[in-house]
Amino acid sequence: MTGLTEQWSDALAAAPQEPAPAWLRELRENAVGQFRAAGLPHRKVEAWKYTPMTVFDGLRLTAAEPVPAPVADLPPPLCESSVVVDIRDGALGEVPADLPQGLTVLPLATALERFEERLKPLFEAVELRGATRAFAALNTALATQGLVVHVARDAAGGSAAGRLLLRWGLSAGAAATMGQFRLFVLLDDGARLELVEQYLGSGEAPGDGAAGLNVLCQAELGAGARLSHTRVQAETEQAVLLTSTMLEQARDSRFVYRGFDLGAGLARHELTTRLTGPGAEADIAGAWLLDGRRHVDNHVSVEHLAPGCASEQFFRGVLGGRSRGVFNGRALIQAGADGSSVRQSNANLLLSPLAEMDTKPELEIYADEVEASHGATVGQLDEAAVFYLRSRGLTDGAARRMLTAAFCRAVTDRVADPILAERIGGLLDAAMPSGEQL
Amino acid sequence: MDKAMLKVRNLHASVEGKQILNGLDLEVNAGEVHAIMGPNGSGKSTLASVIAGREGYEVTDGQVLYRGRDLLELEPEERACEGIFLAFQYPVEIPGVNNTYFLRAALNAQRKYRGEPELDSMQFLKLIRGKLEILHISDDLMHRAVNEGFSGGEKKRNEIFQMAVLEPALAILDETDSGLDIDALKLVAEGVNRQRSPDRAMIVVTHYQRLLEYIVPDRVHVLSGGRIAASGDADLALKLEEEGYSWLAEGGIQALEGAETGSGGAGAAAGA
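Rules used in this analysis
Residues numbered from 1 in each chain as written. Chains lettered and ligands numbered in written order. Predicted model: local features only at pLDDT ≥ 70, side-chain atom pairs only at ≥ 80, totals over all residues. Heavy atoms only, no water. Helix = DSSP H or I, 4+ residues; strand = E, 2+ residues; numbered from the N terminus. Rg over C-alpha atoms; globule rule 2.2 N^0.38 Å. Buried < 20%, exposed > 50% of the residue type's maximum accessible area, 1.4 Å probe, protein only. Contact = heavy atoms within 4.5 Å. Areas by Shrake-Rupley, 256 points an atom, 1.4 Å probe, with all protein chains shown as cover. pLDDT = per-residue confidence, 0-100. Buried area = accessible area lost by both parts, 1.4 Å probe. Salt bridge = Lys/Arg side-chain N within 4 Å of Asp/Glu carboxyl O. Polar contact = N/O pair within 3.5 Å; in protein donor to acceptor, adjacent residues only side chain to side chain. Nonpolar A, V, L, I, M, F, W, Y, C, P; charged D, E, K, R; others polar. Phe/Tyr/Trp six-rings, centres within 6.5 Å; stacked < 30°, edge-to-face > 60°. Pairing = 2+ DSSP bridges. 1 Å grid on protein atoms, 1.4 Å probe; cavity = no way out; pocket = protein on both sides within 12 Å on 5 of 7 lines; lining within 4 Å. Points joined across faces, edges and corners; volume = space filled by probe spheres on them.

*Asks:* Sorry if this is basic, but what is going on with the overall build of chain A here?
*Replies:* The helix and strand tally for chain A stands at eight helices and 19 strands. Against the globule reference of 22 Å for 438 residues, chain A gives a C-alpha radius of gyration of 21 Å, in line with a compact fold. In terms of overall dimensions, chain A has C-alpha extents of about 70 × 50 × 45 Å along its principal axes. Looking at chain A as a whole, 57% of its 438 residues are labelled buried. Looking at chain A alone, contacts between residues at least 24 apart form 85% of all its contacts between residues at least 6 apart. A total of about 16,800 Å² of accessible surface is found on chain A, and carbon and sulfur atoms cover 50% of it.

*Asks:* Help me understand the confidence of the model for chain B in this model?
*Replies:* It should be kept in mind that the predicted coordinates are not to be read in detail where pLDDT is low. Per-residue confidence for chain B gives a mean pLDDT of 88; residues scoring 70 or more make up 90%. Low pLDDT, under 50, characterises residues 262–272 of chain B; the stretch is placed with 23 contacts to residues that sit more than four places away or in other chains.

*Asks:* How should I be thinking about the interface of chain A and chain B in this particular structure?
*Replies:* Often, the extent of an interface is quoted as the loss of accessible area upon association of its parts. Taken together, the contacts link 17 residues of chain A with 31 residues of chain B. Around 1,800 Å² of area is buried between chain A and chain B when both sides are counted, 66% of it from carbon and sulfur atoms. Here chain A is connected to chain B by four salt bridges. With its nearest N and O atoms 4.0 Å apart, the salt bridge here joins Glu55(B) to Arg390(A). Scanning the region where chain A abuts chain B turns up eleven residue pairs in polar contact (both at pLDDT 80 or more). At the level of elements, helix H6 (383–390) and helix H7 (396–412) of chain A are the ones that each hand at least two residues to the side of chain A that touches chain B. Looking at the side of chain A that touches chain B, the element that brings in the most residues is H6(A), giving six residues. Tallied by class, the residues present in the side of chain A that touches chain B amount to nine nonpolar, three polar and five charged.

*Asks:* Explanation requested: the packing of aromatic side chains in the structure shown.
*Replies:* To describe a pair of aromatic rings, you give the distance between the ring centres and the angle between the ring planes. Considering all chains together, one arrives at 13 aromatic pairs over all chains under this definition. A centroid spacing of 4.9 Å and a plane angle of 40° characterise the contact between Phe315(A) and Phe327(A), whose relative ring orientation is tilted. With Phe315(A) in strand S15 (residues 310–319) and Phe327(A) in strand S16 (residues 324–333), the pair connects residues that are twelve residues apart, well separated along the chain. Judged by centre distance (6.0 Å) and plane angle (25°), the ring pair of Tyr388(A) and Phe102(B) falls under stacked. Of this pair, Tyr388(A) sits in helix H6 while Phe102(B) sits in helix H3 (residues 99–113), each in a different chain.

*Asks:* Just checking my understanding: could you explain the pairing of strand S7 (residues 192–199) of chain A for this structure?
*Replies:* Consecutive side chains of a regular strand alternate in pointing toward one face of the sheet and then the other. All names here are of chain A. The buried count for S7 comes to seven of eight residues, which makes it a mostly enclosed element. Sheet topology places strand S5 (residues 163–169) next to S7; six bridges connect them, and they run parallel. The residue bridging leucine 166 from the neighbouring strand is glutamate 197, located in S7. Two elements, S7 and strand S9 (residues 226–233), share eight bridges in a ladder whose sense is parallel. In the strand pairing of S9, arginine 192 is matched with arginine 226.

*Asks:* Can you walk me through helix H5 (residues 134–142) of chain A in this structure?
*Replies:* A large share of H5(A) lies buried, amounting to nine of its nine residues. For H5(A), the elements touching its buried residues are helix H1 (3–14), helix H2 (22–38), strand S6 (178–187), strand S8 (211–221) and strand S10 (239–249) of chain A.

*Asks:* Explanation requested: the pattern of salt bridges in the structure shown.
*Replies:* For the structure shown, the criterion picks out 40 salt bridges over all chains. Close ionic contact of Arg144(B) with Asp140(B) constitutes a salt bridge, the shortest N to O distance being 2.9 Å. Given the relative accessible area of 42%, Asp140(B) is considered partly exposed. Salt bridges linked by common partners bring Glu383(A), Arg390(A), Asp396(A), Arg400(A), Glu55(B), Glu75(B) and Glu77(B) together as one network.

*Asks:* Please clarify how empty space enclosed by the protein should be interpreted in this entry.
*Replies:* One way to see where empty space is left: roll a probe the size of a water molecule over the atoms. Residues and elements named next belong to chain A. Under the definition given, this model contains five cavities of 30 Å³ or more. Empty space within the largest cavity amounts to approximately 140 Å³. Phe135, Ala136, Asn214, Ser244 and Glu270 are the residues nearest the centre of the largest cavity, which is lined by 13 residues in total. Of all the elements in the fold, those that place two or more residues in the lining of the largest cavity are H5, S8, S10 and strand S12 (266–275). Of the residues in the lining of the largest cavity, the class split is six nonpolar, four polar and three charged. Looking at the second largest cavity, its volume works out to about 60 Å³. Leu183, Glu197, Tyr199, Val215, Cys217, His229, Arg231, Thr243, Ser244, Thr245 and His269 are the residues that line the second largest cavity. At the level of secondary structure, the elements contributing two or more residues to the lining of the second largest cavity comprise S7, S8, S9 and S10. It is S10 that provides the largest number of residues to the lining of the second largest cavity, a total of three residues.

Right, dumping it as structure tokens:
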């Protein structure tokens, strides 16, 4: 057992049990046991091969109720929205009571009574065994803070009226703890929700030491439901951010994901969706722009379990400095999921000789009549294009920025709301890595 | 002030270790249009690339003076801002960069360099409106990514359109006629001719005489083996059309009656 596994196991054992239904207390005890047995993943575990565990050193684990901090100084909301919920260092802020009709937003503790029947199977569906599931086990054991979002059928959505903004804040500190947070998104048949998450720092000057957060999100999309999920992450270099999103999609549901990673010391996002009903669609796109020694890892997995489903994974990466990017894109088409369409593309630009990108497509097809395509590239800017722009008067730097921004626009153009797309484009411009900086 | 806009003296240049230009001399004055002709591999495009500052071209000897300044000291963008424009033989496709946005950024970079105020979108659109019509550039073309999916003719028209907007002092047209049908050629030539002015010099690099029927040059130079083999007026181009370039290989410069022979000495190709 490594030092950190030992340290965290002790913290788990000492954690007081929060009041919860008996099944949840049992599940938490089980999660503690699983973590103690398997420990943290190491580099020989394929799914964690590229993620250095040393970044977790210095992050304490605690089960003590996080103290909700004042949230006035969080960065301004990224977009207009009807509901804003702040979560600072893993502590849930005030949940607004005045919500659009059909939308329910509740702290986890409260929601456990009202939605117990739906939450219990979701809690129990999370695999906790083995080192690759260490952070899911930690989250299950410790996350008393959480949020449950429910949208009833025919609730207004899609427009600004139906937009929920989660504003995350992480503050660094010498005695920083790794916050644990649980999120549930429940969409009834035909319901719609637009979820925007912003991780734009705490708004304070970055302190010493690390800041950590481990978020586990589960979403259920009923028949014909639509979830649009936009996630913008531009944390400080101290931030260690683990996020895991697991979806279940019923017949004809549609999930649209737009994710942008522009910051954090380490950010790892696992996104898994299971297309369980015929005609379900997952349109997943994202970009990362990394500089310095940042490390961003996106693990995406789409499982086609019913006929006639369609999915796309479209990711673009720009890496400067000594940054490191990892993309693992998996698509499974199970036997019987005939008539599926699966597309996957990941293109990357390396702006520095010291940057590194590991990209791995995994297509597993066991069905007939499947339309599948995939491609992964790692390259550099087209020098002929750089010269063309310079020959018209743009400086070398301006030419490279213009070409790099154009490369990323393939993703920002997929953000449906033009105002949000423009704001994200502005953040991308600000985060544009330089080639030479080490 | 010296009336020569461009003075090329004894220019030697190599690409990937291969010597292409071998003592080229050329002098171009404001207001003049010079045609550079010659067989493939004679160094026509290398000359254009060296003047524009393309990477990978090593000048091993000689000098290029532009308005009395050492041009070779300048970065490509500085040359552009100083008024040099290269119409590319193969315009580069730039996915994701909008044609209008690109050209406004280029114009503003040059205006900024010259200490002039930058143009906003409205001012820019006003500026380009008339120029779009002359070159039959559609709104659609302006809204698309630079050169992406453009036909050969559209790409060349787009080059000349950029030239019309950037208003260079010295324009180099590198095989602008290649790949154009006769209608497109006339359109491009019309666009070029409208930009002839006493303040502007042009160097038209071409393999064929055809373009020079529409852009009538003041001087014609024949390049061979990386130096000017002969210079003359517009009639020289017509003779080349009849005789072809084979006489160069045979060393029969005399075959071109009336042409001044280029012995390699400075001034041989200078404007008479």
